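Coordinates in review
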Amino acid sequence: SLSFAFFCGASAALLEGVGLKKIVFWLAACLEMIPFYILILPLSEVYRGNKFFVYTLLAALMWTSPARVFTIKSSTILKKNYISLARCLGGSKFYILRFHLFPELVPLLKVEGLQLFASIIKMEAFLSFLGFNLCSKVGLGQMLGEGVIDMIQGYYGNFLWSSLSLSSLLLSLN
């Protein structure tokens, strides 16, 4: 989903006269209107065990925010003087994308990738906490859920260590 977001954002900024930017923002707004968990919970229950479907669904829904960021950053990069100079010297859109736009977006690509990875971990933990394991038999959310049951019985270790491991994992990514 990150590569799709990068492609949508960079091409929407590069082909701004075509109106692709409005289409990308409209499509992202339409997908963001649907509450994510309301869409994924029934579908994950229907296609339980089908990892390809779950990963495809995640990729289809998680590209919207990075695409907006890449579009805005690409638009600001394309307004710089050296991009205008490259266009005047006959640089094609692919040349500008490859040698000017992509190198400046690589750090942003890394940051967005880490944020996307952290949000997927949080989403998996939340869904497995609710009892909807998407792909695996063991997850941090399932460990937290079992820890809550243990905590009610007076045993705090399972909940403490699973919540500390989830927190340290997410903090290490931010």
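Preceding this section is the structure that the text describes.
Quick caveat, the model's predicted, so the values are computed rather than measured. (Residues numbered from 1 in each chain as written. Predicted model: local features only at pLDDT ≥ 70, side-chain atom pairs only at ≥ 80, totals over all residues. Heavy atoms only, no water.)

1. What about the overall build of the chain?
Regarding its fold elements, the chain presents nine helices and zero strands. When the helices and strands of the chain are placed in sequence order, the string is α-α-α-α-α-α-α-α-α. Against the globule reference of 16 Å for 174 residues, the chain gives a C-alpha radius of gyration of 21 Å, more extended than a compact globule. Based on the C-alpha atoms only, the size of the chain along its principal axes is roughly 75 × 35 × 25 Å. For the chain, restricting intrachain contacts to residue pairs at least 6 apart in sequence, the fraction spanning at least 24 positions comes to 68%. Summed over its atoms, the accessible surface of the chain is roughly 10500 Å², and 71% of this surface lies on carbon and sulfur atoms. Across the chain, 14 positive and 8 negative side-chain charges occur, with their mean positions spaced 14 Å apart. (Helix = DSSP H or I, 4+ residues; strand = E, 2+ residues; numbered from the N terminus. Rg over C-alpha atoms; globule rule 2.2 N^0.38 Å. Contact = heavy atoms within 4.5 Å. Areas by Shrake-Rupley, 256 points an atom, 1.4 Å probe, with all protein chains shown as cover. Lys, Arg positive; Asp, Glu negative; His and termini not counted. Charge placed at Lys NZ, Arg CZ, Asp CG, Glu CD.)

2. Focus: the environment of Leu173
The residue Leu173 is located in helix α9 (residues 157-173) in this model. When the C-alpha positions of Leu173 and Gln115 are compared, they lie 7.3 Å apart, and in sequence the two are 58 residues distant. With near-sequence residues (within four places) excluded, Leu173 lies in contact with Leu114, Phe117, Ala118 and Ile121.

3. Side note on the side chain of Ser162
Looking at the secondary structure, you find Ser162 in helix α9. Here Phe159 takes part through its backbone oxygen, which lies 3.3 Å from a polar atom of the side chain of Ser162. (Polar contact = N/O pair within 3.5 Å; in protein donor to acceptor, adjacent residues only side chain to side chain.)

4. Let's talk about the pattern of salt bridges
Scanning the model with the defined rule gives two salt bridges in all. For the salt bridge of Arg68 with Glu32, the shortest nitrogen-to-oxygen distance reads 3.3 Å. Taken together, the residues Arg68 in helix α5 (residues 64-78) and Glu32 in helix α2 (residues 20-33) connect sequence positions 36 residues apart. The class of Glu32 is partly exposed, set by a relative accessible area of 39%. Of the charged contacts, one joins Glu104 and Lys80 as a salt bridge, the two residues approaching to 3.5 Å between their closest N and O atoms. With a gap of 24 residues between them, Glu104 in helix α7 (residues 93-130) and Lys80 in the loop between α5 and α6 (81-88) connect regions that are remote in the sequence. Looking at Lys80, the relative accessible area reads 35%, which means it is partly exposed. (Salt bridge = Lys/Arg side-chain N within 4 Å of Asp/Glu carboxyl O. Buried < 20%, exposed > 50% of the residue type's maximum accessible area, 1.4 Å probe, protein only.)

5. Here's the deal with the packing of aromatic side chains
Inspection of the entire model under this criterion finds four aromatic pairs. Measuring from ring centre to ring centre gives 5.1 Å for Phe4 and Trp63, while their planes differ by 80°; the resulting arrangement is edge-to-face. Within this pair, whereas Phe4 is found in helix α1 (residues 2-14), its partner Trp63 is found in the loop between α4 (51-61) and α5, the two being separated by 59 residues in sequence. Taking relative accessible area as the criterion, Trp63 reaches 4% and is therefore assigned buried. Relative to Phe70, the ring of Phe6 has its centre 5.6 Å away and its plane inclined at 85°; by these criteria the two rings are edge-to-face. Highlighted residues: Phe6 in helix α1 and Phe70 in helix α5, separated in sequence by 64 residues. A relative accessible area of 14% places Phe6 in the buried class. In textbook terms, an aromatic cluster arises when at least three aromatic residues are bridged by ring pairs, as seen for Phe6, Phe70 and Phe102. Positioned above the aromatic ring of Phe99, the side-chain terminus of Arg98 is 5.0 Å from the ring centre. (Phe/Tyr/Trp six-rings, centres within 6.5 Å; stacked < 30°, edge-to-face > 60°. Lys NZ or Arg CZ within 6 Å of the ring centre and 35° of its normal.)

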